[in-house]
Amino acid sequence: MATKGKVLTLTEVNPMVRCIPTSKTDILVRRAGEITRELEQGAVKPFPDVIIVSSGDSHGAGMQPITFVRQVMAACLYPELLHSDRLPSDVRQRAQRLLGECEGSSVGSYSCPLGLDAVRRSVAESLQRRDGGVISDSDNIFIQSGSHVALMRVLKVLLHGEGVSQTGVLVPVPCHPRFTQAVWALGGVPLPFQLSEERGWVLEREELQRALRDARGRCSPRALYIVNPGNPTGHVQSRESIEEVIRLAAEESLFLLVDEVTESLSWCDCVFVCLFIRLCLSVVSVLFAV
């Protein structure tokens, strides 16, 4: 009987996945792992350990988790804790309320793919308070297990076409590499535009226009990805910069993908204020009214 070869080889792998380039971050993480192993084996270095911060893993870098959140999760997963004095009363009340929204009072039951209605309403109310009264509809809230998963789902809807009709996505540089890799893997074309380091990593309209011009004839730019505060730079975009970006997106019919998951992790003197929702409503309405 002839010996069969491998069932799965690189030729059977999705070509979109095969074309994903290795990111510089991946190279750095591998090197950090090598140095860590050298230290564990007794190698002498001018430092005692390695802290990997390139992935944005705040807990891995030593940041402590929020106790209240972990306690509520524990009570929801193990309801016996609701009858114990080991947890504060506000934790037990919150967990009891959340379990009451679940079928069978169990987080193991099936729920709406968008997230629990009560949680989505709570998120909408929180966003409305944060954004100075701008109406937030819970029907437009989608709960996902992290911003990367949410972005992947949106990209799956947006990306299509081949050749000059293939969807292009404007991506800032520097940027977390996982997003760029996701665009490649799902059949899109990442279109890099450089943030201005000299001006504090600000978004410049001229650079965005340059990236759009360069993309013409080889793909169809349809989306613009913004991270604010920036990852990995921690910069916070100014109101003026955001207004320019929104105007350009409206003029060029670009879908705005705004990632604000790092809103509490800015590394500059600026205070982060969510402006994209408020300014989109005002700037775009004014733009189209004209």
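Residues numbered from 1 in each chain as written. Predicted model: local features only at pLDDT ≥ 70, side-chain atom pairs only at ≥ 80, totals over all residues. Heavy atoms only, no water.

Draft legend 1. Seen up close, the state of the cysteines. Counted by the stated rule, this structure contains 0 disulfides. Cys-76 provides the cysteine sulfur closest to Cys-102, a residue in no disulfide bond, and the two sulfurs are 6.9 Å apart. (Disulfide = S-S within 2.5 Å.)

Draft legend 2. Spatial organisation of helix H6 (residues 147-158). For H6, with 12 residues, the first-to-last C-alpha span of 16 Å sits near the 16 Å given by 1.5 Å per residue. On its buried face, H6 is in contact with strand E1 (167-173), helix H7 (177-185), strand E3 (220-227) and strand E4 (255-259). (Helix = DSSP H or I, 4+ residues; strand = E, 2+ residues; numbered from the N terminus. Expected span 1.5 Å × (residues − 1). Contact = heavy atoms within 4.5 Å.)

Draft legend 3. A look at the pattern of salt bridges. Going through the model one piece at a time under the given rule, you end up with 14 salt bridges. One salt bridge connects Glu-204 with Arg-199, and the closest N-O pair in it is separated by 2.9 Å. By relative accessible area, Glu-204 is classed as partly exposed at 22%. Owing to a relative accessible area of 56%, Arg-199 belongs among the exposed residues under this scheme. We note a salt bridge from Arg-210 to Asp-214, for which the minimum N-O separation is 2.8 Å. Placement of both Arg-210 and Asp-214 in helix H8 (residues 205-215) is noted, with a separation of 4 residues, approximately one turn of the helix. (Salt bridge = Lys/Arg side-chain N within 4 Å of Asp/Glu carboxyl O. Buried < 20%, exposed > 50% of the residue type's maximum accessible area, 1.4 Å probe, protein only.)

Draft legend 4. Up close: the environment of Val-107. By secondary structure assignment, the location of Val-107 is in the loop between helix H4 (89-100) and helix H5 (117-130). You can call Val-107 partly exposed: its relative accessible area is 42%. Along the sequence, Val-107 and Leu-77 sit 30 residues apart, while their C-alpha atoms lie 6.8 Å from each other. Ignoring any residue separated from it by four or fewer positions in sequence, one finds Val-107 in contact with Cys-76, Leu-77, Leu-99 and Cys-102.

Draft legend 5. Layout of the nonpolar core. Among the nonpolar cores identified, the biggest contains 17 residues, and Leu-170, Phe-193 and Leu-224 are the most heavily contacted of them. The leading source of residues in this core is H8, at 4 residues. Among residues more than four places away in sequence, those in contact with Leu-224 are Leu-170, Phe-193, Leu-208, Val-245, Leu-254, Phe-255, Leu-256 and Leu-257. Leu-155, Val-169, Ala-182 and Ala-223 belong to the second largest nonpolar core, which has 14 residues in total. (Core = buried A, V, L, I, M, F, W, Y, C linked by side-chain atoms within 4.5 Å.)

Draft legend 6. Examining the packing of H6 against H7 more closely. Contact geometry of H6 with H7 gives a least axis separation of 10 Å together with a crossing angle of 25°. Between H6 and H7, the angle falls in the class roughly parallel. At the point where H6 passes H7, the crossing takes the right-handed sense. Of H7, the residues touching H6 (which contributes His-148, Leu-151, Met-152 and Leu-155) are Arg-178, Phe-179, Ala-182 and Val-183. Grouping the constituent residues of the contact of H6 with H7 by class yields 6 nonpolar, 1 polar and 1 charged. (Axes fitted to C-alpha atoms, helices over the stretch in contact; angles between N-to-C directions. Parallel < 35°, antiparallel > 145°, perpendicular 65-115°, else oblique. Left-handed = near helix turned anticlockwise from the far one by under 90°. Nonpolar A, V, L, I, M, F, W, Y, C, P; charged D, E, K, R; others polar.)

Draft legend 7. Molecular detail of the sheet that holds strand E2 (residues 189-194). Pairing is parallel across the open sheet formed by 4 strands, whose spatial order is E2-E1-E3-E4. Of all the strands in the sheet, just E2 and E4 have a single pairing partner and so form its edges. Pairs of neighbouring strands in the sheet enclose a mean axial angle of 30°, with direction left out of account. Bridge count between E3 and E4: 5 bridges; the pairing is parallel. Note that in E4 the partner of Val-227 across the bridge is Asp-259. (Pairing = 2+ DSSP bridges.)

Draft legend 8. Highlighting the confidence of the model for the chain. The predicted model of the chain has a mean per-residue pLDDT of 85, with 88% of residues at 70 or higher. A low-confidence stretch, residues 284-290 (pLDDT under 50), is modelled with 8 contacts involving residues beyond four sequence positions or located in other chains. (pLDDT = per-residue confidence, 0-100.)

Draft legend 9. Spatial organisation of the packing of aromatic side chains. Going through the model one piece at a time under the given rule, you end up with 1 aromatic pair. Arranged with centres 3.7 Å apart and planes meeting at 15°, the rings of Phe-179 and Tyr-225 form a pair that is stacked. You can see Phe-179 sitting in helix H7 and its partner Tyr-225 sitting in strand E3, a full 46 residues away along the chain. When sorted by exposure, Phe-179 lands in the same class as Tyr-225, which is buried. (Phe/Tyr/Trp six-rings, centres within 6.5 Å; stacked < 30°, edge-to-face > 60°.)

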